[in-house]
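Observations on the three-dimensional arrangement
Below, each chain spelled out in residue letters.
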Amino acid sequence: MKALAEKFGDNPDLWGLTGLLHDLDMDQIDVDDPKDHGKITIQILEKEFGNDLPKEMSHAIQAHCENLGHTDIKRESKLDYALAAAENLSGFLVACALVMPDKKLASVKPNSVLKKLKKKDFARKVNRDFIYDIDKTNLSLEEFVEIALKAVNEISDEIGL
Ligand SMILES: [Fe+2]
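Since the model is a prediction, treat every value here as computed from it, not as a measurement.

1. Observations concerning the packing of helix 4 (residues 55-63) against helix 5 (residues 78-98)
Closest axis-to-axis distance for the helix 4/helix 5 pair is 9 Å, and the angle between their directions is 45 degrees. As the angle between them shows, helix 4 and helix 5 are arranged oblique. The handedness of the crossing between helix 4 and helix 5 comes out as right-handed. Contacts from Glu56, His59, Ala60 and Ala63 of helix 4 reach helix 5 at Leu79, Asp80, Leu83 and Ala84. Its residues placed into classes, the contact of helix 4 with helix 5 shows 5 nonpolar, 1 polar and 2 charged.

As structure tokens, then:
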């Protein structure tokens, strides 16, 4: 998210924190019926930060659940589209690394990511539509994959890949 903010000349701290906090409720929801996903995160953040919670962050977190059918808040801003796309692409990149012989992100190449995205059976829980919607930010899918791969490689030690 920080790398995308830098690409867009936006606020890396806001974007990075939005990425970091957006799934804060994962241990409080039913993953098989995630009807409260996002809602609980916002409750936690509003309790903690009150009016200091940035509106853009709140909107993006709620909109990243628009496909779950329990919110009318849709992705509109660059941050909204970036969050939903990055959540899914980051998971996808981890899946790509885990099928490499050395299980390392460094072995994952942009072209193989693009090819694997077309294979519906690979990492099938990943929401491809949200990834492809990165074009709503005027960034191409190819550029997005390159930026994301570079960014996750920079923290590969921290995430053990
Ligand atoms: Fe989520």
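Having put the structure on the table, let's press on.
2. Some thoughts on the environment of leucine 24
Summarising the element assignment, leucine 24 is placed in the loop between helix 2 (12-21) and helix 3 (39-49). Of the residues examined, leucine 24 has 17 C-beta atoms within 10 Å and is grouped as partly exposed. Between the C-alpha atom of leucine 24 and that of isoleucine 42, which follows or precedes it by 18 residues, the distance is 8.8 Å. Apart from the residues lying within four places of it in its own chain, the contact partners of leucine 24 are Thr41 and Ile44.

3. What to know about the environment of aspartate 10
Summarising the element assignment, aspartate 10 is placed in the loop between helix 1 (2-8) and helix 2. Looking at aspartate 10, the number of C-beta atoms within 10 Å reads 18, which means it is partly exposed. As for aspartate 10 and isoleucine 29, which are separated by 19 residues in sequence, their C-alpha atoms are 31 Å apart. If near-sequence neighbours (up to four positions away) are discounted, aspartate 10 is found in contact with Ala5, Trp15 and Lys78.

Conventions adopted
Residues numbered from 1 in each chain as written. Predicted model: local features only at pLDDT ≥ 70, side-chain atom pairs only at ≥ 80, totals over all residues. Axes fitted to C-alpha atoms, helices over the stretch in contact; angles between N-to-C directions. Helix = DSSP H or I, 4+ residues; strand = E, 2+ residues; numbered from the N terminus. Parallel < 35°, antiparallel > 145°, perpendicular 65-115°, else oblique. Left-handed = near helix turned anticlockwise from the far one by under 90°. Contact = placed C-beta atoms within 7 Å. Nonpolar A, V, L, I, M, F, W, Y, C, P; charged D, E, K, R; others polar. Buried ≥ 20, exposed ≤ 12 C-beta atoms within 10 Å, placed from the backbone.

These figures come from the coordinates and say nothing about function on their own.
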